[in-house]
2 protein chains.
Amino acid sequence: MSGYVRELALAARAAQATIAATDAATRRALLEGMAERLLDGQDAILAANGGDLERARLAGAGKATLDRLALSPERVRGMAEALREVAAQDDPLGEVTRRDVRPNGLVVERQRIPLGVVAMIYEARPNVTAEAAALCLKAGNAVLLRGGSEAAASNAAIAHCLHAGLRAAGLPEAAVSLVADTAREHVLELLQLSDLIDLAIPRGGESLIRFVAEHARVPVIKHYKGVCHLYVDRAADPDLALGLLIDGKTSRPGVCNALETLLVHRDIAAAFLPRALAALRASGVEVRGDSATRRFDPSLAEAGEDDYAAEFLDLVIAIRVVDSIDEAIAHIHRYTSDHTEVIATDDPAAAQAFVDALRSSAVMVNTSSRFNDGGQLGLGAEIGISTTRLHAYGPMGVEALTIERFVVRGQGQRRHPLPGGN
Amino acid sequence: MSGYVRELALAARAAQATIAATDAATRRALLEGMAERLLDGQDAILAANGGDLERARLAGAGKATLDRLALSPERVRGMAEALREVAAQDDPLGEVTRRDVRPNGLVVERQRIPLGVVAMIYEARPNVTAEAAALCLKAGNAVLLRGGSEAAASNAAIAHCLHAGLRAAGLPEAAVSLVADTAREHVLELLQLSDLIDLAIPRGGESLIRFVAEHARVPVIKHYKGVCHLYVDRAADPDLALGLLIDGKTSRPGVCNALETLLVHRDIAAAFLPRALAALRASGVEVRGDSATRRFDPSLAEAGEDDYAAEFLDLVIAIRVVDSIDEAIAHIHRYTSDHTEVIATDDPAAAQAFVDALRSSAVMVNTSSRFNDGGQLGLGAEIGISTTRLHAYGPMGVEALTIERFVVRGQGQRRHPLPGGN
């Protein structure tokens, strides 16, 4: 071990105590100041990003990677706007979430405090650098940021602006620490620091997340792939279902809340599937279907096991016709990644059965899977979407970066009387 | 891998779906029925326990181990009573904890669902078998119980009663699975089953917990040692402080919420310490002090670094005189195990400064550390006390065995308009 990451984590831990002791107004002003400095630093950020893009192109990066990596004046403004939105949220710290007076007079409160030091391990999305820092600071945490090497210059330029904001607020720069040396050994080192790091959040492809989960000695909140299902019930409104299908599959196919599988009740298949197949074709979506689906278009490829388990992240969809809602639920239980499932139905009993039978992080009734997103669901912003049923499940906002502790006030209460009376 | 534990976990997972689908009344009746069967089975349980005790004595087990292992008619009644108390609690499942209508009309709810399959890994405390099972079932989970080998016969007898309760309720016995073969390799196997087990909770000595933390691929909620501090402020009521000291140190020295270190403000040392030392001596407590403490009794042993870091679990205490509340806080920051810290003071500003500066799972003002306990703090019962700032922090009751997911209801809302209008 080089000790390089340990030094960063020690500094982050010291800085965290200072951040945790700030009041709500200070943290709000800090984030607003950081947003200003991102806008002031736009030219430097874009120049650094241009270098990253050039190197990525020379290294043969694909279109999706380049798209995630690329910044523009609009995207920098978007980052600044995200920081302002986080700044404007209710402050989560100190909030007394519950208060109970015990029969012996003890006043028992639950109160939100920061988690401590959060490590973000992510790929080539420079906007995560700013947004993760903002969410962590809002909740009184320090953050260690280890972004992908492709975005190293962009991340350094963004961190430079964030540090200027911290300095201007009289707060320690180490509250936002960039792991600038992106060698993988440093990730391994970071994942061992269970005495210094309270939580690691990996964001990126499945291989990155598996790597983190396998090597971590620190707690990890994972978000594996999103194999999201739309079930079109026999009682669905076909127009509504068609809207959810096209929105879920085509509005941004490369993200985790995009649809991957369509399940259609046999009773509505003849009314719905021909229109659905035509609309998917018109949107350039490749369809892989079971035999019942292929009866409506024999030219379709046949869907296999792998297709139902796949997160295509592309304009591809697997379709299956089911005999009942129970068969749809059984299919989802088998292939779900616990991310998002959608039912289209006008039958309240079917909707309730679907909600009750499934336990994914978000179950949607008559609305698009694409709404499983912190901003859309009212969290203001998100640091990730957890598919682990522990601590947080679904989109994680500022509140998911805190924990409730107990504060107990009494007047001398004891469990046992003193020896010899009293 | 033998596959033995994997088979148990697969069966537990299947059973969990059945438990999760039960209604509140069924789960309540289930736990009441289990309590009845424990009482009916008291003779068999005590006979099995007698065998365990005999084997432990022959193997040279110490007094503390034998005390934890020993059951009595009273302790069996206590187990049954604990099950009834858990049964009587509010049902945690299905509760909608938050509801928000978004500007686009989406109704976003957060709803409690079970975690899934919980693995308890514990030492020779047979009562944990019944209580952990009750808490897990109440929250709709299945549980895998791997108790210490010393308690194998007792645990089997208790599980026999729990299974009778499940059968009588028409529910699968596999919802409560005892890992009857207690070979350590099976613990290792269990800790790798990240596809089947949602949470592992180790309860026992530090070495057990470290073993679990080091080898787990499943999420773990840890509870390491409790190095609990009492700080007697300059503005403390000496009588009150003395009561907290004796209760915290002597009422049950072998438990995690017992006091290990006393910090005394210099201004109150002359008024408080001589009485404290006399009371500790009268209770048979061995004192290790710093030089300022030893001025009041030069016969005391000198406290070293190790003493301030120690969880004595015995009638031993370390004492230090501090110049200020800040010095007390700095001492606690250095040695805390994040379990429980207590201040005795009549000065509200000092109390607030203490609460704000520390972030242990419970911070107590003018009351005993011994109250950091699920039952005492109003949770009804506890499955453990978490010292990890993730998911749960402090005593964990039924609610800590659930997670909130998102349920979203709409009328066809999409993120993007359909191509070509609509």
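Predicted model, so just to flag it, every value in this text is computed and none were measured. (Residues numbered from 1 in each chain as written. Chains lettered and ligands numbered in written order. Predicted model: local features only at pLDDT ≥ 70, side-chain atom pairs only at ≥ 80, totals over all residues. Heavy atoms only, no water.)

Asker: Looking at this structure, how should I read the overall build of chain A?
Answerer: Scanning chain A from N- to C-terminus turns up 15 helices and 16 strands. By principal-axis analysis of the C-alpha atoms, chain A measures approximately 80 × 70 × 40 Å. Burial analysis of chain A (422 residues in total) assigns 58% to the buried set. Partitioning the intrachain contacts of chain A with sequence separation of at least 6 by distance along the chain shows that 72% fall at a separation of at least 24. Carbon together with sulfur atoms contributes 49% to the accessible area of chain A, which is approximately 15,500 Å² in total. Of the side chains in chain A, 45 bear a positive and 55 a negative charge, and the two mean positions are spaced by 5 Å. (Helix = DSSP H or I, 4+ residues; strand = E, 2+ residues; numbered from the N terminus. Buried < 20%, exposed > 50% of the residue type's maximum accessible area, 1.4 Å probe, protein only. Contact = heavy atoms within 4.5 Å. Areas by Shrake-Rupley, 256 points an atom, 1.4 Å probe, with all protein chains shown as cover. Lys, Arg positive; Asp, Glu negative; His and termini not counted. Charge placed at Lys NZ, Arg CZ, Asp CG, Glu CD.)

Asker: Would you mind going over unusual backbone geometry with me for this structure?
Answerer: What you tend to see is this: most non-glycine residues have negative phi, and most peptide bonds are trans. With a phi angle near 55°, B:Leu313 is a residue other than glycine that sits in the positive phi range. Checked against the element boundaries, B:Leu313 lands in the loop between α13 (305-309) and β11 (316-322).

Asker: Please clarify how the sheet that holds strand β1 (residues 96-101) of chain A should be interpreted in this entry.
Answerer: Strand order across the open sheet formed by ten strands is β1(A)-β2(A)-β16(A)-β13(B)-β12(B)-β7(B)-β8(B)-β11(B)-β9(B)-β10(B), with mixed pairing between neighbours. Strand pairing shows two members of the sheet lacking a second neighbour, β1 of chain A together with β10 (301-302) of chain B, which therefore form its edges. Judged from the four bridges that link them, strand β7 (residues 228-232) of chain B and strand β12 (residues 340-344) of chain B form a sheet pairing that is parallel. Residue pairing across strands places B:Leu230 opposite B:Val342, the latter belonging to β12(B). Contacts from helix α10 (residues 238-250) of chain B reach β16 (402-413) of chain A together with β7, β8 (259-265), β11, β12 and β13 (362-367) of chain B within the one sheet, and its direction differs from that of β8(B) by about 160°. (Pairing = 2+ DSSP bridges. Axes fitted to C-alpha atoms, helices over the stretch in contact; angles between N-to-C directions.)

Asker: Looking at this model, I keep getting lost on the interface of chain A and chain B. Mind explaining?
Answerer: In many analyses, interface size is given as the accessible surface area lost on bringing the parts together. Across the boundary between the two partners, chain A contributes 74 residues, which contact 74 residues of chain B. Among the residues chain A hides against chain B, the three largest losses belong to A:Leu390, A:Phe406 and A:Arg415. Together they make up 13% of the total. Our enumeration of links across chain A and chain B arrives at four salt bridges. For A:Arg98, the salt bridge is made with B:Glu399, and the minimal N-O distance between the two is 2.6 Å. Our enumeration of links across chain A and chain B arrives at 41 residue pairs in polar contact (both at pLDDT 80 or more). Its residues assigned to classes, the side of chain A that touches chain B comprises 31 nonpolar, 24 polar and 19 charged. Across five bridges, the pairing between β16(A) and β13(B) is parallel. Residue pairing for β13(B): A:Gln413 is matched across the bridge by B:Thr367. (Buried area = accessible area lost by both parts, 1.4 Å probe. Salt bridge = Lys/Arg side-chain N within 4 Å of Asp/Glu carboxyl O. Polar contact = N/O pair within 3.5 Å; in protein donor to acceptor, adjacent residues only side chain to side chain. Nonpolar A, V, L, I, M, F, W, Y, C, P; charged D, E, K, R; others polar.)

Asker: Can you walk me through the relation of the copies chain A and chain B in this structure?
Answerer: Both copies of the chain are tied together by a single rotation about an axis and a shift running along it. For the pair chain A and chain B, the best superposition has an RMSD of 0.0 Å and corresponds to a rotation of 180° with a translation of 0.0 Å parallel to the axis. Given the turn and translation reported, the copies of this chain are related as if by a two-fold rotation axis. Considering only C-alpha atoms, the part of chain A nearest the rotation axis is A:His391, at 1.8 Å. The residues that chain A uses at the interface reappear at the interface of chain B in 100% of cases, marking a shared surface. (Least-squares fit on C-alpha atoms with pLDDT ≥ 70 in both.)

Asker: Explanation requested: empty space enclosed by the protein in the structure shown.
Answerer: Within this structure, the stated rule accounts for four cavities of 30 Å³ or more. What the largest cavity holds in volume is close to 330 Å³. Around the largest cavity, the lining comprises 20 residues; the ones closest to its centre are A:Val218, A:Pro219, B:Val218, B:Pro219 and B:Val220. Counting only elements with at least two residues in the lining of the largest cavity, the list comes to β14 (384-390) of chain A together with β14 (384-390) of chain B. Its residues assigned to classes, the lining of the largest cavity comprises 14 nonpolar, two polar and four charged. Approximately 40 Å³ is the volume attributed to the second largest cavity. For the second largest cavity, the full set of lining residues is B:Gly147, B:Ala152, B:Asn155, B:Leu178, B:Val179, B:Ala180 and B:Thr182. A per-class count over the lining of the second largest cavity returns four nonpolar, three polar and no charged. (1 Å grid on protein atoms, 1.4 Å probe; cavity = no way out; pocket = protein on both sides within 12 Å on 5 of 7 lines; lining within 4 Å. Points joined across faces, edges and corners; volume = space filled by probe spheres on them.)

Asker: What exactly am I supposed to notice about the side chain of B:Asn366 here?
Answerer: Considering the arrangement of structural elements, one finds B:Asn366 in strand β13. We classify B:Asn366 as buried; its relative accessible area is 9%. At a separation of 2.8 Å, a polar atom in the side chain of B:Asn366 contacts the main-chain carbonyl oxygen of B:Thr345. In this structure, B:Asn366 is in contact with A:Gly410, A:Gln411, A:Gly412, A:Gln413, B:Leu240, B:Leu244, B:Ile343, B:Ala344, B:Thr345 and B:Asp346, ignoring residues within four places of it in sequence.

Asker: For this particular structure, what's the right way to read the packing of aromatic side chains?
Answerer: Each aromatic ring pair is characterised by the separation of its centres together with the angle its planes make. The final tally for this structure, using the stated rule, is four aromatic pairs over all chains. Between A:Tyr308 and A:Tyr335 the ring centres are 5.8 Å apart and the planes differ by 45°, which places this aromatic pair in the tilted class. One end of the pair, A:Tyr308, is in helix α13 (residues 305-309); the other, A:Tyr335, is in helix α14 (residues 325-335), with 27 residues separating them in the sequence. Residue A:Tyr308 is classed as buried on the basis of its relative accessible area of 6%. Measuring from ring centre to ring centre gives 6.1 Å for B:Tyr231 and B:Phe354, while their planes differ by 20°; the resulting arrangement is stacked. Here the residue B:Tyr231 occupies a position in strand β7, and B:Phe354 occupies one in helix α15 (residues 348-357), the gap between them amounting to 123 residues. Residues B:Tyr231 and B:Phe354 agree in their burial class; the two are buried. Positioned over the ring face of B:Phe211 is B:Arg184, at 4.2 Å from the centre of the ring. (Phe/Tyr/Trp six-rings, centres within 6.5 Å; stacked < 30°, edge-to-face > 60°. Lys NZ or Arg CZ within 6 Å of the ring centre and 35° of its normal.)

Asker: How do you make sense of the packing of helix α5 (residues 73-88) of chain B against helix α6 (residues 126-138) of chain B when you look at a structure like this?
Answerer: Angle between the axes and distance between the axes: these two values describe a pair of packed helices. Residues and elements named next belong to chain B. Their axes nearest at 10 Å, the elements α5 and α6 cross at an angle of 10°. The angle between α5 and α6 places the two elements in the roughly parallel class. The segment α5 lies against α6, with Met79, Ala82, Leu83, Val86, Ala87 and Ala88 engaging Pro126, Asn127, Ala130, Glu131, Ala134, Leu135 and Lys138. Residues belonging to the contact of α5 with α6 are distributed by class as follows: ten nonpolar, one polar and two charged. (Parallel < 35°, antiparallel > 145°, perpendicular 65-115°, else oblique.)

Asker: Please clarify how the side chain of B:Ser386 should be interpreted in this entry.
Answerer: All names here are of chain B. Here Ser386 lies in strand β14. For Ser386, a relative accessible area of 0% puts it in the buried group. In this structure the side chain of Ser386 is engaged in a polar contact, spanning 3.0 Å, whose partner is the backbone oxygen of Thr388. Those residues in contact with Ser386 that sit more than four places away from it in its chain are Ile221, Lys222, Ser361, Ala392, Tyr393, Gly394 and Met396.

Asker: Whenever I open this one, helix α3 (residues 42-58) of chain A confuses me. Can you help?
Answerer: Since the α-helix advances by 3.6 residues per turn, residues separated by three or four positions end up pointing in the same direction. Residue and element names in this part refer to chain A. Here α3 spans 24 Å end to end across 17 residues, near enough to the 24 Å set by a 1.5 Å rise per residue. Buried within α3 are the following residues: Gln42, Ile45, Ala48, Asn49, Asp52, Leu53 and Ala56. Projected down its long axis, α3 shows its buried positions confined to an angular sector of 145°, all on one face. Exposed side chains of α3 directed beyond 90 degrees from the buried face belong to Asp43, Ala44, Ala47 and Leu58. Considering only its buried residues, α3 is in contact with α2 (24-40), α4 (63-69), α5 (73-88), α6 (126-138) and α7 (152-168). Looking one or two places after α3, you find Gly60, whose phi comes out positive at around 85°. (Expected span 1.5 Å × (residues − 1). Arc of directions from axis to C-beta.)

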